[in-house]
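# Coordinate analysis (summary)
As a plain string of letters, each chain reads:
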Amino acid sequence: VHSGSASAREKIAIIRINGVIYDGSGYVKRQIDRVLEDDDIKAVVLRVNSPGGTVSGSDYIYHHLKKMLAKKKIPIVVSMGSVAASGGYYVSMVVGDQENSIYAEPTCTTGSIGVIIPHWNYSQLMETYGVVDDSIMSHPRKRMLTPSKKMPEEHRRLLQEYVDESFYEFKKKILAGRPRFRPGNEQALQGDGSEIRIEFEGRDVATGEIFHAPTALRYGLVDRLGFIEDAIERA
């Protein structure tokens, strides 16, 4: 219980997303289920303190939050803590078209809108020490991310396509949660494959860079600067 009475008949639930997002099916999902089971909950504050994580885990949480809101027909307000970046920003887009629904603490770090597949190439180091990767595989693409070989351009192209598809879905979620970015993206939303642009006055803000909360506010990535109490009051 954050404040007030635990037995209140009209409550605001605080769903917390803390730390790195993995598969999304643990503590966060149990909180969502508790909200679904409680008829006294009239609104939700989504408290985000996360640097992000996996695409699938972030999308899993987003999906179940959307289902919860559709079933309960209640509003949701986001409260960004010290960090709400990448997947943490992804799940925040659950607010949809609600106005003044994303609050960020004044020192919050947010943004990091992008997708990455980490990869390292240790092949020269291995060659220096006489280490040989002699893996047996069903197909050369099975080892696309191996650090023991220089990545062939064909594999790089396939992985880039994977990243681009995931990034496209990320940007679609942003358009769903940030109406101000929709103008100019109408064709992309209709699914013709056009490139979605997340821009403020011609500046691309979906470059993977992070933003200090006041800058994020100026660029339209959040609605207000404030603490969790402000988000609760709004809810």
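Going by the structure above, here's the rest.
Please read all numbers here as calculations on a predicted model, not as lab measurements.

### Regarding the overall build of the protein
- Looking only at helices and strands, the protein features eight helices and nine strands.
- Along the first, second and third principal axes, the C-alpha set of the protein runs to 70 × 40 × 35 Å.
- The buried share of the protein, reckoned over its 235 residues, is 42%.
- Here the contacts in the protein between residues at least 6 apart in sequence split such that 75% fall between residues at least 24 apart.
- Accessible area of the protein: about 13200 Å², with a carbon and sulfur share of 51%.
- Of the charged side chains in the protein, 31 are positive and 31 negative; the average position of the first set lies 3 Å away from that of the second.

### Comments concerning the layout of surface pockets
- Of the pockets and cavities examined, the largest pocket occupies roughly 660 Å³.
- Along the wall of the largest pocket there are 21 residues; nearest its centre are Val1, His2, Ile12, Ala13 and Ile14.
- Mapped by element, the contributors of at least two residues to the lining of the largest pocket are β1 (11-18) and α1 (27-37).
- Among the elements that take part in the lining of the largest pocket, β1 stands out by supplying six residues, more than any other.

### Side note on a nonpolar patch on the surface
- A cluster of nonpolar side chains, Trp120, Tyr122, Leu125, Tyr129 and Val131, forms an exposed patch at the surface whose accessible area comes to about 610 Å².
- Inspection of the secondary structure puts Trp120 in the loop between β5 (109-111) and α4 (123-128).

### Remarks on the nonpolar core
- Of all hydrophobic cores here, the largest spans 49 residues; its most connected members are Ile15, Val44, Leu46, Met80 and Leu221.
- Leaving out residues up to four positions away in the same chain, Leu221 has contacts with Tyr89, Ile102, Ile113, Arg178, Phe181, Val205, Phe211 and Ala216.
- One finds Val45, Tyr103, Ile228 and Ala231 within the second-largest nonpolar core, a separate group that totals five residues.

About the cut-offs
Residues numbered from 1 in each chain as written. Predicted model: local features only at pLDDT ≥ 70, side-chain atom pairs only at ≥ 80, totals over all residues. Heavy atoms only, no water. Helix = DSSP H or I, 4+ residues; strand = E, 2+ residues; numbered from the N terminus. Buried < 20%, exposed > 50% of the residue type's maximum accessible area, 1.4 Å probe, protein only. Contact = heavy atoms within 4.5 Å. Areas by Shrake-Rupley, 256 points an atom, 1.4 Å probe, with all protein chains shown as cover. Lys, Arg positive; Asp, Glu negative; His and termini not counted. Charge placed at Lys NZ, Arg CZ, Asp CG, Glu CD. 1 Å grid on protein atoms, 1.4 Å probe; cavity = no way out; pocket = protein on both sides within 12 Å on 5 of 7 lines; lining within 4 Å. Points joined across faces, edges and corners; volume = space filled by probe spheres on them. Patch = residues over 30% accessible without salt bridge, like charges linked within 9 Å, V, L, I, M, F, W, Y side chains within 5 Å. Salt bridge = Lys/Arg side-chain N within 4 Å of Asp/Glu carboxyl O. Core = buried A, V, L, I, M, F, W, Y, C linked by side-chain atoms within 4.5 Å.

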